[in-house]
Amino acid sequence: MGWNYEKSLERIQEHLDGMGEIEIQDLVREADLNSLLTETCCRRVHGAHVYTYVANFPRMATDCAVDEAEYKRFLQAVHLYQREVARIVEDADKFDGLRVHFQGPKLHALFYRPVKQTERLAVLAFFLQLVLKDFTNSVFNPAFPFSEDFTIAGGADVGDATGTRNGRKGDRELLFLGPCANHAAKIISSAGRLRVTKALYEALPENLRALCTKIDEDVYQINSVTQKRLDELLDEYKIKWDREASAERLAEDKRKFPLKDIEYSAAHVLIDLDALSIRNNKRVTAASIFGDVSGFTAYIDGAQTDEKKKEALRVLHAIRREMATVLTKDYEGLRVQYQGDRVQGLFHMPKDDEGKIATEAVEAAIGLQSSMEKTIKKKLPEAKDLRLAVGVDLDTTLVSKLGTRAHRDRICLGEPVENAAAHEEDCEGGEIGISKRVYDALPERLSKHFSYDKSKCCYVAKDLTWDKVEQAERAAAYAAGASVFVNSGGPGIRITGEEARGARQVTPSSSWADE
Amino acid sequence: MRGRSHPPLPGRTSSRPKAWYERASGAARLSHDRALVAGHYPTLSYRINEGEGRVYLEGPLIYVAGCGIPTEVELRVDFPFDYPNGEPLAFDAADRFLPHDMDRHFSTKEGCCCLWLPPKSRWDPKDPDALLTFLDEVVVFFDRQLVYEAGGRVAWPGGEHAHGDVGYLEWVAEEFGGDTAAVTALAPVFSGAVSVGRNDPCPCGKGIKFKRCHAPAVERVRGGIGLARLRRLFPL
């Protein structure tokens with residue numbers, strides 16, 4: 001285990017060799033994107049992207065953990081919320097959209113049918129936010145009373161994005177690359193606020209525009225509407241959503257998945273994410289890690305020709321695969337999810353050993369940076385301007401898999417997940433941001449590379465790759481005046497602190513400089 | 001006389017004296033050095049400027065970390081006209097370690113490496129493998145540069161002397177076992193202002209003969225530091 005330069009180069013090359021020719025075409029007719037898209041079969045999809053976010057799911061996941069009965073109720077709530085939301089998004093008689101995935105508490109949905117009918121797609125994105133807010137307030141919260149109500153925030157944009165999918169069997173996820181897929185998530189504000197971009201606003205019919213308030217140059221907020229007015233508008237736009245029917249389905253699900261059947265447990269061995277379900281959840285002390293390719297949005301936006309776009313996709317596939325491999329093969333981690341150009345991972349072994357968990361996660365973070373800077377850029381020089389930002393935090397985390405058999409999302413819920421994502425977002429390319437808890441749990445050989453950054457509210461290491469860690473470890477030997485051993489006969493020079501066959505012992509001189 | 005009896009080597013102008021490698025002993029040394037370099041630092045190669053009679057050894061030093069990451073540092077070694085009596089100079093040829101300042105132990109903007117204080121030089125002209133010892137020291141010096149960078153350029157990894165004259169004074173103090181009173185007492189002797197007979201009492205005041213007291217240390221100091229610098233270090 002552990003990151004290795006040659007192994008990394010080999011597997012990147014192997015992946016590139018087996019990738020095949022990427023093709024990008026316009027999506028001109030309705031199709032099941034889950035079946036159509038592959039790593040190399042990509043489509044330019046005109047659509048409306050919607051993100052909705054249950055703002056207090058993560059905190060509740062942490063708060064409820066102290067009481068077993070409450071925690072089970074929370075697990076039931078999370079699963080059933082997702083089931084009904086998925087039905088609202090995807091059922092042909094409702095919104096007929098595509099649930100791209102749940103990123104923990106965040107839903108990413110896409111409307112692309114009817115093809116290229118921008119106004120209709122914008123209308124669907126507009127109403128999905130209002131309907132999910134109404135559903136959460138008037139159906140879900142009464143059915144699942146907790147100490148506080150769940151609240152949602154949302155964002156939507158419309159435009160073209162390139163749809164693709166990573167290529168491993170049983171481990172496939174859709175991905176949409178394009179400004180509209182990013183902006184929809186980025187405009188999300190505080191709980192209760194539903195927002196749309198200027199592009200989506202301008203695509204709406206007049207009477208829906210009248211329900212929006214301009215927030216700034218590019219963002220509009222959807223005003224609150226009464227249930228009666230919402231129902232009238234849904235009728236007007238022929239969108240069938242019935243809150244009583246939603247309530248009945250939720251009640252039926254509650255009967256189908258009673259609290260007595262919902263289990264959670266600690267994990268003594270590495271979690272098999274695919275074995276998780278509503279009945280089998282894990283609650284673990286874990287380090288969450290997010291690695292995001294900073295500069296990728298600009299890179300893909302700057303790719304004007306199809307050839308450049310194909311090149312960008314090839315780079316992205318290589319990066320995503322390599323990031324996942326570092327987490328799962330080089331280190332004892334789980335790849336939870338790809339989220340666009342970001343990967344989410346989890347480390348929870350050995351059980352409850354914070355020191356070892358933090359060390360493994362941070363070592364993996366250094367491995368991610370090493371791959372990005374040393375091997376990906378060597379194999380793909382066109383990625384030279386891309387950098388990786390990584391965030392890590394550690395605490396109790398809920399790990400599960402949501403959804404129906406055909407389409408299930410791995411999720412991790414808890415404050416450390418949100419904190420790790422926030423640290424990653426606050427960091428710049430080339431940086432690793434870790435929480436105080438992670439910092440405190442690290443051995444000195446790793447923690448000494450991090451310093452507290454007040455503006456980012458976390459400990460940050462910049463440009464930290466594995467060779468730098470090794471070099472810093474040699475600093476102690478040099479400081480002690482110890483000899484080193486130089487082995488230079490082969491293709492490279494290796495300097496170690498321990499005697500090795502064929503190596504020459506060198507006791508470094510005291511350096512000097514003349515004035 | 002030999003220079004007159006033989007035609008100049010190709011590229012050599014008759015106006016310059018023979019370079020070290022053009023003499024029989026120098027040619028043999030060069031041949032031996034080439035074999036050393038090929039065996040131990042195969043990425044380096046010789047370049048000879050026949051017109052100027054200068055020899056350079058240059059190329060990448062490829063450091064491979066335990067994790068396999070390679071780091072290249074371009075090295076150039078300049079050989080002096082009096083090689084092997086004079087020691088070579090090593091340069092950070094591709095400006096890998098900027099700024100080339102004294103805190104990083106470079107003595108020129110061109111990146112000339114200050115491997116050691118001259119009196120503590122490990123260059124031994126009589127050692128046929130001196131070049132290998134020198135290159136190993138250079139390789140470790142550059143590794144220390146990498147370590148210095150990885151540590152945020154806070155502290156030079158390992159031993160160092162203060163810059164310039166102060167470094168020499170540190171060395172003189174070392175040679176006198178840290179006895180600063182003796183150094184002060186013997187300063188006029190270093191600089192030649194006062195001469196002491198070997199059987200005279202040592203100026204340090206211990207009451208024993210100079211030859212049995214500080215004469216060896218004084219000899220090392222006078223051998224290690226040029227008179228001009230000694231007079232600057234120990235003014236009358």
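Residues numbered from 1 in each chain as written. Chains lettered and ligands numbered in written order. Predicted model: local features only at pLDDT ≥ 70, side-chain atom pairs only at ≥ 80, totals over all residues.

## So, the overall build of chain B
- Within chain B, the regular secondary structure consists of seven helices and four strands.
- Order of helices (α) and strands (β) in chain B, N terminus to C terminus: α-α-β-β-β-β-α-α-α-α-α.
- Counting only C-alpha atoms and orienting by the principal axes, one finds that chain B spans roughly 60 × 60 × 30 Å.
- Each of the 236 residues in chain B was classed as buried or not, and the buried ones make up 36%.
- For chain B, contacts bridging at least 24 residues in sequence account for 39% of all contacts bridging at least 6. (Helix = DSSP H or I, 4+ residues; strand = E, 2+ residues; numbered from the N terminus. Buried ≥ 20, exposed ≤ 12 C-beta atoms within 10 Å, placed from the backbone. Contact = placed C-beta atoms within 7 Å.)

## Overview of the nonpolar core
Residues and elements named next belong to chain A.
- Of all hydrophobic cores here, the largest spans 215 residues; its most connected members are A125 and F126.
- In terms of residues, this core owes the most to one element, helix α5 (residues 118–143), which gives 14 residues.
- Discounting chain neighbours no more than four positions away, the residues touching A125 are A48, V50, F111, A156, V158 and L200. (Core = buried A, V, L, I, M, F, W, Y, C linked by C-beta atoms within 7 Å.)

## Regarding the packing of helix α4 (residues 68–90) of chain A against helix α10 (residues 243–256) of chain A
All names here are of chain A.
- Orientation of α4 relative to α10, taken along the N-to-C sense of each, is 140°, at an axis distance of 10 Å. In terms of orientation, α4 lies oblique with respect to α10. Relative to α10, the crossing made by α4 is right-handed. Between α4 and α10, the contacting residues are L80, R83, E84 and R87 on the first element and S246, R249, L250, D253 and K254 on the second. (Axes fitted to C-alpha atoms, helices over the stretch in contact; angles between N-to-C directions. Parallel < 35°, antiparallel > 145°, perpendicular 65-115°, else oblique. Left-handed = near helix turned anticlockwise from the far one by under 90°.)

## So, the sheet that holds strand β21 (residues 504–506) of chain A
Residues and elements named next belong to chain A.
- The sheet built from three strands is open, its strands ordered β20-β19-β21 with antiparallel pairing. Since the sheet does not close on itself, it has two edges, and those belong to β20 (494–496) and β21, each with one partner. Neighbour-to-neighbour, the strand axes of this sheet turn through a mean angle of 30°, independent of strand direction.
- By the bridge criterion, three bridges tie strand β19 (residues 484–487) to β21 in an arrangement that is antiparallel. When the sheet's bridge partners are listed, V486 is paired in β21 with R504. (Pairing = 2+ DSSP bridges.)

## Thoughts on the sheet that holds strand β1 (residues 45–49) of chain B
Residue and element names in this part refer to chain B.
- Pairing within the open sheet is antiparallel, and its four strands lie in the order β1-β2-β3-β4. Of all the strands in the sheet, just β1 and β4 (89–92) have a single pairing partner and so form its edges. Strand-to-strand twist across the sheet, computed as the mean angle between neighbouring axes with direction ignored, equals 25°.
- As paired strands, β1 and strand β2 (residues 54–64) are joined by five bridges and run antiparallel to one another. Following the sheet pairing, Y46 is matched in β2 by L57.

## What to know about unusual backbone geometry
- Residue P350(A) is bonded to the preceding M349(A) through a cis peptide linkage, with omega at -5°.
- Mapped onto the elements, P350(A) comes out in the loop between β13 (342–347) and α13 (354–379).
- Along the chain, L98(B) connects to P99(B) via a cis peptide bond; the corresponding omega equals -5°.
- On the secondary structure map, P99(B) appears in the loop between β4 and α3 (130–150).

## Comments concerning helix α5 (residues 180–190) of chain B
Residue and element names in this part refer to chain B.
- All of the buried residues along α5 are A182, V183, L186, V189 and F190. Down the axis of α5, the buried side of the element spans an arc of 100°, and every buried residue falls inside it. The outward face of α5, more than 90 degrees from its buried face, is lined by the exposed residues T180 and A181.
- Here the buried face of α5 lies against α4 (164–175), α6 (215–224) and α7 (227–233). (Arc of directions from axis to C-beta.)

## Structural notes on the domain arrangement of chain B
- By domain assignment, chain B separates into domain 1 (2–150) and domain 2 (164–233).
- Its C-alpha centre places domain 1 of chain B at a distance of 33 Å from the equivalent point of domain 2 of chain B. (Domains from an automatic or database assignment.)

## Let's talk about the confidence of the model for chain B
Residue and element names in this part refer to chain B.
- Residues of chain B with pLDDT of at least 70 account for 94%, and the chain-wide mean is 91.
- β4 holds the highest mean pLDDT among the elements of chain B, 98, whereas helix α1 (residues 2–5) holds the lowest, 38.
- pLDDT under 50 marks residues 1–8. Its contacts with residues more than four places away, or in other chains, come to three contacts.
- Model confidence for the complex is summarised by a pTM of 0.88, with the ipTM given as 0.89. (pLDDT = per-residue confidence, 0-100.)

## A short note on the packing of helix α1 (residues 5–19) of chain A against helix α12 (residues 306–330) of chain A
Residue and element names in this part refer to chain A.
- For the pair α1 and α12, the least separation of the axes is 10 Å and the interaxial angle reads 135°. Here α12 runs oblique to α1, going by the angle between their axes. In the packing of α1 onto α12, the handedness of the crossing is right-handed. In this structure, α1 contributes S8, R11, I12, H15, L16 and M19 to the contact, and α12 contributes R314, H317, A318, R321, E322 and T325.
- Looking at the contact of α1 with α12, its residues break down into four nonpolar, four polar and four charged. (Nonpolar A, V, L, I, M, F, W, Y, C, P; charged D, E, K, R; others polar.)

## Overview of the interface of chain A and chain B
- At the junction of the two partners, chain A supplies 37 residues and chain B supplies 44 residues.
- Listed by contribution, the elements that provide at least two residues to the side of chain A that touches chain B are α1, α13, α17 (466–479), β19, β20 and β21 of chain A.
- The residue inventory of the side of chain A that touches chain B, partitioned by class, reads 16 nonpolar, eleven polar and ten charged.

## Re the pairing of strand β3 (residues 98–103) of chain A
Residue and element names in this part refer to chain A.
- For β3, the tally of buried residues reaches six of six residues, placing the bulk of the element in the interior.
- In terms of strand pairing, β3 meets strand β4 (residues 106–111) through five bridges, oriented antiparallel. Counterpart to F102 in the pairing with β4 is L107.
- Here β3 hands over to β4 after two residues, with G104 in that stretch at a positive phi of 60°.

## A few points about the environment of E74(B)
All names here are of chain B.
- Its place among the elements puts E74 in strand β3 (residues 70–79).
- Overall, E74 belongs to the partly exposed group, with 16 C-beta atoms counted inside 10 Å.
- Between the C-alpha atoms of E74 and L61, which are 13 residues apart in sequence, the distance is 6.1 Å.
- With residues up to four places along the chain from it excluded, the contact list for E74 reads P60, A93, A94 and R96.

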